[in-house]
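Given next are the chains, with one letter for each unit.
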Amino acid sequence: MALSNIHGFPRIGRRRELKSALEGYWAGDHSAMDLANVARSLRRINWELMRNAGIDLIPSNDFSLYDHVLDTAALLGAVPPRFRGGPGPVGLDLYFEMARGGDTATAMEMTKWFDTNYHYIVPELEPEIGFALSDSKPFDQFLEARDLGIVTKPVLLGPVSFLLLSKPGDGVDERFDLLDLLEPLLDIYAEVLVRLGGLGAEWVQMDEPCFAQDRTGAELAGLARGYDRLAGLEGTPKLCVSTYFDHAGEAVSILADLPLDGVGLDFVSGPRNLELLRAADGLGGKTLFAGVVDGRNVWINDLDASLRLLDELGRLTGELVVSTSSSLLHVPLDLDAETGPDEELRSWMAFAQQKALEVAALKRGVVGGAAAIASEIEANRRAMQVRRESPRTHIDAIRGRVAGLTAADARRANPYEVRRAAQRKRLRFPPLPTTTIGSFPQTRELREARAALQRDEIDEAEYERRMRGEIERVIRLQERLGLDLLVHGEPERNDMVRYFAEQLEGFAITESGWVQSYGSRCVRPPIIFGDVRRTGPMTVAWTLYAQSLTEKPVKGMLTGPVTMLQWSFVRDDQSREQTCRQLALAVRDELADLQNAGIKVIQVDEPAIREGLPLRRENRDEYLRWAVAAFGIATGSAGDKTQVQTHMCYSDFGDIMGQIQAMDADVLLIEAARSRMELLEDWRRTGYRQEIGPGVYDIHSPRVPPVDEMAGLLRRAVEVLPAERLWVDPDCGLKTRRYEEAEPALRNMVEAARLVRAELAPAGAAAEDA
Ligand code: GLN
Ligand code: ZN
């Protein structure tokens, strides 16, 4: 016997119905009932689709109107006090207020879900919080499916991961140990499990993905304690504790020893699980939920390889459940609805719906042997072979170039001090020069122009005319504001990765391949299927046009190789390092073209470098080594007098400062306003030598920061670092803001820089001479 299982399914709908329903509700155009109806129909479509695909263990409670971690907080009554009096049931509006902020209370924090591009809401907990079962969603949705004749497997975020993903609430002593809340939390989980048992659930999946990260002894003990209690209850469904996104480390033997019914392990992102399982001598007769179909990438499964692995796993454990490696939340819904990639490329891919068929086929293969799925295997082998041998995946010239890269190619010809002198002579910026991160507001007109071009309502020439008009407007505005280093504003870029992906060989672009990023926000990551080749300049004409309009220097703007990798679906038939080097060469060539065309400053954005960090510490050095090298390759073609800037945001850089230094950009523009410049002290301590522009205002909010506030931050900055090494800039690009906000904010920023510059004049002048 074997079963088939899916961890979770995309929630957003084929045409992003959930997005429209949510945004309609928030705008007051739809009622709560309308929203509920859309949500119900999406769940039904998903359940029926999985049933028809032949899935035995179909998830419920994986659906969410905003985020499954927020749902868990609502279930447990964990509402931060600022949203109202105290714990108790969470209605729809309170739920959305927690996610998005209310009239008076600021939204709860959102952060990345492990190393995916999904973001969850961070629960806030106080020591005296009284957990109480406060929502009926898991029960309601179980019953909703049962009414359709489908007995689902409810999915819950497990109690230990829930605590580890939370943070202490406002004003709570930092020493407060969230794990102290485990016992009262278990009471509520016990109640939930017993109720689900009473309703007729056979299995419940408890997700504990935190155990695919390095964990302390106390945390591992919490896992053991928690499930010892939950697994011993009367009247509950069978329990499967599931880990994913990497191997489960020490947790494997702990889970093996617990009185659980099932354990879920990810064999795609955590191949070491196999070794760990061998070392633990199986799972003590438990059912293994074997994650063999990749929940995070878009390639077809290698059925032969999976059957071999499943065969070995079957011999190591008791029962076998063939499973996805994680929730399918991270891949688009349906490949058949996709028109972007051509037919051959599509034959190499599987989205959520196709993955459900793969899981079901593999289960039949486990039960009846390979012969039972002979035709699937046959088609799969053919597609795998075509992909392997396709000239589209192998460009010899590119491979040769990558193979020929030397250490010298991955760094600038001369040390920073030499470059700095050359750049000072050529660029002559004032002290505390002002600049922006690149994008200016993406207006409705710009979006409409892009849509009109797509629909063939306007031609290329007209599109170009409109973009040039916008560039001119942005240049004039910056001149008026008195910025020192200008940008063209990126009006022609829909997205900082997709824009390049559309022009590079080796990338496929999807039309409907939406993946939820957070709440109603979705993205369409490009797909890197083959060797990456630049076929010609991608940004030069726009940049030169902008430069032709002004005497002031205009920055060239490129997306870095690591960020392109991180925000795409990446081919799985070669190492990420190899793919990243190919991307780096494309950026390198573009940078060289900009430089040859006379552009003096070029920014290579790497906002995603920190988020690519592997979950397990054991893999981090290796990643950082090649990520830094890729940036080096991308920028190594810059001569001494070409100033290379880089920009990073979204995270805390405390643990990778050494590597950022090794990237050796001439200027680092980094998010800092929200942390009120706290990180500058760290940069000073590590002896960072290059120039830094710590963001002086948070672009995520429509608020226009007053001059004094930004001047205050700058004064703080010049106390910590020498003024001649500081730049003045916002935290990130302005594309999500409106001109009504961006213009006054930049005016104030320039004014703040002037004020502080004047205060510093003597010291600044002395430093200039030195
Ligand atoms: N240059 C990009 C912009 O200004 C950088 C965006 C980012 O950091 N995510 O929009
Ligand atoms: Zn940014």
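Residues numbered from 1 in each chain as written. Chains lettered and ligands numbered in written order. Predicted model: local features only at pLDDT ≥ 70, side-chain atom pairs only at ≥ 80, totals over all residues. Heavy atoms only, no water.

Colleague: Quick question: what am I supposed to make of the overall build of the protein here?
Modeller: Scanning the protein for helices and strands turns up 27 helices and 22 strands. Relative to the 2.2 N^0.38 estimate, which gives 27 Å for 770 residues, the radius of gyration of the protein is 27 Å and therefore close to what a compact globule would have. Judged by the C-alpha coordinates and their principal axes, the protein covers about 80 × 65 × 55 Å. The buried share of the protein, taken over its 770 residues, is 59%. Looking at the protein alone, contacts between residues at least 24 apart form 78% of all its contacts between residues at least 6 apart. (Helix = DSSP H or I, 4+ residues; strand = E, 2+ residues; numbered from the N terminus. Rg over C-alpha atoms; globule rule 2.2 N^0.38 Å. Buried < 20%, exposed > 50% of the residue type's maximum accessible area, 1.4 Å probe, protein only. Contact = heavy atoms within 4.5 Å.)

Colleague: Sorry, what's going on with the site of ligand 1 here?
Modeller: Looking at ligand 1, there are 13 residues lining it, with I437, S439, E490, D605 and H647 nearest. The contact in question runs from a nitrogen atom of ligand 1 to an N or O atom on the backbone of I437, over 3.1 Å. One nitrogen or oxygen atom from the side chain of E490 is found 2.9 Å from a nitrogen atom belonging to ligand 1. In isolation ligand 1 exposes 290 Å². Once the protein is present, 97% of that is buried. Its residues assigned to classes, the shell around ligand 1 shows six nonpolar, four polar and three charged. (Near = heavy atom within 4 Å. Polar contact = N/O pair within 3.5 Å; in protein donor to acceptor, adjacent residues only side chain to side chain. Areas by Shrake-Rupley, 256 points an atom, 1.4 Å probe, with all protein chains shown as cover. Nonpolar A, V, L, I, M, F, W, Y, C, P; charged D, E, K, R; others polar.)

Colleague: Would you explain helix 18 (residues 460–481) in this entry?
Modeller: Quick reminder: α-helices carry 3.6 residues per turn. Residues three or four places apart thus point the same way. Relative to the 32 Å expected for 22 residues at 1.5 Å per residue, helix 18 spans 31 Å between its end C-alpha atoms, a close match to the ideal helical length. Three or more residues of helix 18 are buried, namely Y463, M467, E470, I471, V474, I475, L477, Q478 and L481. The buried residues of helix 18 occupy one face: seen down the axis, they fall within an arc of 160°. Looking at helix 18, the residues exposed on the side facing more than 90 degrees away from the buried face are A461, R465 and R480. Two residues or fewer after helix 18 comes G482, characterised by a positive phi angle close to 85°. (Expected span 1.5 Å × (residues − 1). Arc of directions from axis to C-beta.)

Colleague: Hey, could you run me through the coordination of the zinc ion (ligand 2) in this one?
Modeller: Under ideal tetrahedral coordination, the four donors around a metal are separated by 109.5 degrees; under ideal octahedral coordination, the six donors are separated by 90 or 180 degrees. Surrounding the zinc ion (ligand 2) are the protein donor atoms H647 (NE2), C649 (SG) and C732 (SG), which sit 2.0 to 2.3 Å from the metal. Geometry at the zinc ion (ligand 2) is tetrahedral, judged from the four donor atoms that bind it and their angles of 92 to 123° at the metal. Residue classification places H647 among the buried residues on the basis of a relative accessible area of 2%. Judged by its relative accessible area of 2%, C649 is buried. (Donors = N, O, S within 2.8 Å, 3.2 Å for Na, K, Ca; no water. Tetrahedral: all angles 85-135°; square planar, octahedral: opposite > 155°, others 65-115°.)

Any functional reading would require information beyond the geometric quantities listed.
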